[in-house]
Amino acid sequence: MSFHTIGHITQDRIRSGADMREQPGGAAYYGALTLLRLGERVAVTTRMAAADRAALTRELDAAGAKLTVGASPATTTFDNNWIGAAMTRREQAVAAIAAPFTVEDLAAADASVLHLGPLLASDMDVHFIECAAARGSVALDAQGMVRSAREGFVKEEPQDDAAAGLKWVSFLKVDDAEAAALTGEADPGRAARRLADQLGRHPHEAIVTLAERGAFIAGPHGLRHIAALPAKRRVDATGCGDTFFAAYLARRQRGDDVAAAGRFAAACATFTLERRGAFDASERRVLARLDAAGGVTANA
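Given the structure is predicted, the values throughout are model-derived calculations rather than measurements. (Residues numbered from 1 in each chain as written. Predicted model: local features only at pLDDT ≥ 70, side-chain atom pairs only at ≥ 80, totals over all residues. Heavy atoms only, no water.)

Participant: It is not clear to me how the nonpolar core should be interpreted in this structure. Could you clarify?
Facilitator: As a rule of thumb, soluble globular proteins bury nonpolar side chains together. Judged by nonpolar contacts, the single largest core of 49 residues is most densely connected at Ile 9, Val 44, Leu 60, Phe 244, Tyr 248 and Val 286. Top element by residues in this core is helix H9 (residues 258-273). It accounts for 10 residues. Residues contacting Val 286, with those up to four places away along its chain left out, are Phe 264, Ala 267, Cys 268, Phe 271, Phe 279 and Ala 281. Residues Leu 140, Leu 172, Ala 206 and Val 208 belong to the second largest nonpolar core, which totals 36 residues. (Core = buried A, V, L, I, M, F, W, Y, C linked by side-chain atoms within 4.5 Å. Buried < 20%, exposed > 50% of the residue type's maximum accessible area, 1.4 Å probe, protein only. Helix = DSSP H or I, 4+ residues; strand = E, 2+ residues; numbered from the N terminus. Contact = heavy atoms within 4.5 Å.)

Participant: I would appreciate a short explanation of the environment of Arg 251 in the present structure.
Facilitator: The residue Arg 251 is located in helix H8 (residues 240-253) in this model. Note on Arg 251: relative accessible area 12%, which makes it buried.

Participant: Even after reading the chapter, I still don't get the packing of H9 against helix H10 (residues 283-293), so can you show me in this structure?
Facilitator: Geometry of a packed helix pair, given as the angle between the helix axes and the separation of the axes. Look at H9 against H10: their axes get within 9 Å of each other, and the N-to-C directions meet at 105 degrees. Viewed along their axes, H9 and H10 adopt a mutual orientation that is roughly perpendicular. Contacts between H9 and H10 involve Arg 263, Phe 264, Ala 267, Cys 268, Thr 270 and Phe 271 from the first element and Glu 283, Arg 285, Val 286, Leu 287, Arg 289, Leu 290 and Ala 293 from the second. Residues belonging to the contact of H9 with H10 are distributed by class as follows: eight nonpolar, one polar and four charged. (Axes fitted to C-alpha atoms, helices over the stretch in contact; angles between N-to-C directions. Parallel < 35°, antiparallel > 145°, perpendicular 65-115°, else oblique. Nonpolar A, V, L, I, M, F, W, Y, C, P; charged D, E, K, R; others polar.)

Participant: Just to check I follow, could you spell out the pattern of salt bridges for this structure?
Facilitator: Here the idea is simple: oppositely charged side chains can pair when their charged atoms come close. According to the stated counting rule, one finds 17 salt bridges in the structure shown. When the shortest N-O distance is used, the salt bridge between Asp 79 and Arg 13 registers 2.7 Å. Taken together, the residues span a long stretch of sequence, with Asp 79 in strand S6 (residues 77-83) and Arg 13 in strand S2 (residues 10-16) at a distance of 66 residues. By relative accessible area, which is 18% here, Asp 79 ends up buried. (Salt bridge = Lys/Arg side-chain N within 4 Å of Asp/Glu carboxyl O.)

Participant: Sorry if this is basic, but what is going on with the pairing of strand S9 (residues 137-141) here?
Facilitator: Side-chain direction in a regular strand flips from residue to residue, so the side chains alternate between the two faces of the sheet. The buried fraction of S9 is high, at four of five residues. Inspection of the sheet shows strand S8 (residues 113-116) paired to S9 by four bridges, in the parallel sense. When the sheet's bridge partners are listed, Leu 116 is paired in S9 with Leu 140. Between the parallel pair S8 and S9, the chain is carried across by helix H4 (residues 126-133), and the sense of this crossover is right-handed. Across three bridges, the pairing between S9 and strand S12 (residues 171-175) is parallel. (Pairing = 2+ DSSP bridges. Right-handed = clockwise from strand over helix to strand, strands pointing away.)

As structure tokens, then:
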């Protein structure tokens, strides 16, 4: 099996209390590194300014990603301000936006799963998602369907054609706010069910992440709640949802059932929460953490 991740790798400026730092980011960055460090074969297609390539792709190059970096006059740049010690809410501003992806960016896509990580509505259109689905199973992080940049700030604005895009999707990931924006459902479990029903491709699985409250996963199997694992420390919540989604995809492709894949993904997300930057643990360490917490299929 293999994965092809497509999305903008960003320059992030992250603030948490008095701490401020710059680091690479984006669903493509966090997701691809998670997959690579779990032993998967991963190609990555991204766009950024040429001057930023060396710094923003260093870890991916070192981890063995097959990289295609398209031209762009700018690199997408986010300011992320985490609110409170629990880091469950953030304010976002965008200082620059990279060129959008086009169907030509799919020319090299030859993988079992196409992992799409649009960050803003301008990144990918529905036609792009449709064309991706012709090449493999689409796993979509749908934040780009509900976020646009207005006057420098990231706003939640569900796109009119979001439902049309979902019919090409096999696996979907959103957080609880994005799920509510897409469905009008405040209850994340009901929102997950509604989103799963809108997915047009097998296996029709929708994930709603809930930070420290875990995640809901809906599909033909019904609705599952996956509990979060306790963190030894809370360092940076950036990328935890991206880590969860990528790890879940890896385990589902290996044959795990929904509960086991979700539990494994929750453990991976906890490793990301405990450090700055992307997931950086082996499968062995993840399984050891799960054994200490009661096993891979333990749930709440």
